[in-house]
Amino acid sequence: MDERVIRLWAAAEVESLGRGGAAAIQRATGISGRRIWKGKKELAELRRQPSSRASTSRVRRPGGGRRRLSAKDAKLLGDLQALLEPVTRGEPQSPLQWTTKSVRNLASELRERGHEVSSDTVARMLHEAGYSLQAPRKEDEGGSHPDRDAQFRYIARQAKAFQRRRQPVVSVDSKKKELIGNFKPPGREWQPQGQAPRVNAYDFPDMAEGKAIPYGVYDLARNEGWVNVGKDHDTPEFAVQSLRRWWLTMGRQAYPHARELLVVADAGGSNSARSRVWKKCLQEFADATGLTVSVSHYPPGTSKWNKIEHRLFAQITLNWRGRPLTSYQVIINLIGSTTTRTGLRVRAAMDTSEYPLGVRVSAADFGQLNIRKKRFHGEWNYSLSPRRQASARLV
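Throughout what follows, the structure given in this document is the object of discussion. (Residues numbered from 1 in each chain as written. Predicted model: local features only at pLDDT ≥ 70, side-chain atom pairs only at ≥ 80, totals over all residues. Heavy atoms only, no water.)

1. Concerning the pattern of salt bridges
How we decide: Each salt bridge in this description consists of a side-chain nitrogen of Lys or Arg and a carboxyl oxygen of Asp or Glu lying within 4 Å of one another. Each residue is assigned to one of three classes by its accessible area relative to the maximum for its type, calculated with a 1.4 Å probe on protein chains only: buried under 20%, partly exposed between the two thresholds, exposed over 50%.
Applying the stated rule across the entire model yields 13 salt bridges. Here Arg 148 and Asp 149 are joined by a salt bridge, their closest N and O atoms 3.8 Å apart. Taking relative accessible area as the criterion, Asp 149 reaches 44% and is therefore assigned partly exposed. In this structure, Arg 222 and Glu 224 form a salt bridge, with 3.3 Å as the shortest nitrogen-oxygen distance. A residue is classified by how much of its surface remains accessible, and Arg 222, at 39% relative accessible area, is partly exposed. Taking the relative accessible area as the measure of exposure, Glu 224 reaches 7% and is therefore buried. Sharing partners across several salt bridges, the network here consists of Glu 3, Arg 7 and Glu 42.

In structure tokens, the structure reads:
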């Protein structure tokens with residue numbers, strides 16, 4: 001019962017008891033005589049006029065209670081906004097520019113300016129002013145290329161055309177490097193109560209046994225993935241070697257009559273659209289397999305649209321959440337056991353080869369490549385045809 005209902009109840013009890021009822025109710029409940037008198041008055045008014053103020057749910061009359069600080073202190077709201085807005089706009093002179101904008105810090109700064117205010121009051125004022133706790137959202141992709149959408153449509157047309165001809169289409173990319181060791185992984189997993197796995201308190205790189213570099217190849221039509229787990233460097237040679245191992249392990253069995261291959265990749269990293277080494281290694285792959293390798297790159301800043309990111313890598317991350325990656329074999333097993341309800345199948349293998357950095361391709365060597373740029377954005381779309389009929393192809 002709220003305060004008003006208690007008053008009405010006490011008044012009704014006094015009336016039912018008759019003479020001496022008020023004193024009895026006071027002794028039994030501790031309710032003051034003034035409250036009982038006020039309840040009797042409200043009860044009588046309610047009986048006379050059921051639609052009067054006494055019949056409403058309001059406990060006190062309008063205007064009761066203490067005035068809010070923002071009403072008594074005219075400068076309080078302005079000073080609070082002055083603290084918030086420069087921080088949002090990057091004003092270097094703001095006292096809270098390099099500290100967290102918690103309600104306690106804001107209240108402390110306001111008290112230094114002469115305002116008697118608590119953190120709870122600051123939180124209420126922030127909500128009333130339209131503020132809320134929010135985390136940064138990853139949406140800013142930088143400058144958008146004017147032909148971004150046109151390139152997306154071009155890639156979609158290319159993929160459909162290859163699939164109609166029953167030629168393989170793969171999406172490739174390198175996943176985030178992982179430290180090998182008993183380090184705390186992101187995510188949670190069901191464990192017996194109070195028996196969470198114990199991991200290192202620190203995750204310094206020099207405490208790791210090594211690093212794993214997963215490079216993935218995802219077959220769009222068959223919903224199959226191949227992950228080549230390296231331990232040296234993520235270079236163009238490593239990227240093409242991953243593609244080569246996919247072809248030897250999975251591709252040539254799935255596409256025995258293939259004459260072409262479409263590779264969809266982002267525009268940076270080891271499969272960069274500007275990398276001469278990437279194109280030279282693809283030419284060697286085309287020479288060895290007899291496949292005409294066509295490549296289409298997503299425009300810069302749009303790698304998250306690459307199919308491999310959300311169809312393969314995201315599922316791998318979900319599968320090993322909450323599990324320390326203590327060895328390379330653990331990573332191989334976790335990747336290889338990744339499945340989805342839509343039928344995703346993944347295979348993985350370790351790549352112990354070394355891939356040195358700083359490899360360059362001279363202009364003369366690059367001129368020997370059998371590369372043909374497409375009419376539409378040749379820097380993003382090109383193909384490499386075999387330079388000769390090799391006697392020992394990877395078929």
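2. Focus on the packing of aromatic side chains
Formally: Stacked, tilted and edge-to-face are the three classes assigned to paired rings of Phe, Tyr and Trp, where Trp is represented by its six-membered ring and a pair needs centres within 6.5 Å; plane angles under 30 degrees give stacked, over 60 edge-to-face, the rest tilted. Here, a charge over a ring is recorded when the distance from Lys NZ or Arg CZ to the ring centre is within 6 Å and its angle to the ring normal is within 35 degrees.
One pass over the structure, following the stated rule, counts seven aromatic pairs. Between Tyr 202 and Phe 204 the ring centres are 5.4 Å apart and the planes differ by 5 degrees, which places this aromatic pair in the stacked class. You can call Tyr 202 exposed: its relative accessible area is 53%. The ring of Phe 366 carries Arg 276 above its face, with NZ or CZ at 5.1 Å from the centroid. When the ring centre of Tyr 382 is taken as origin, the NZ or CZ atom of Lys 279, which lies over that ring, is 4.8 Å away.

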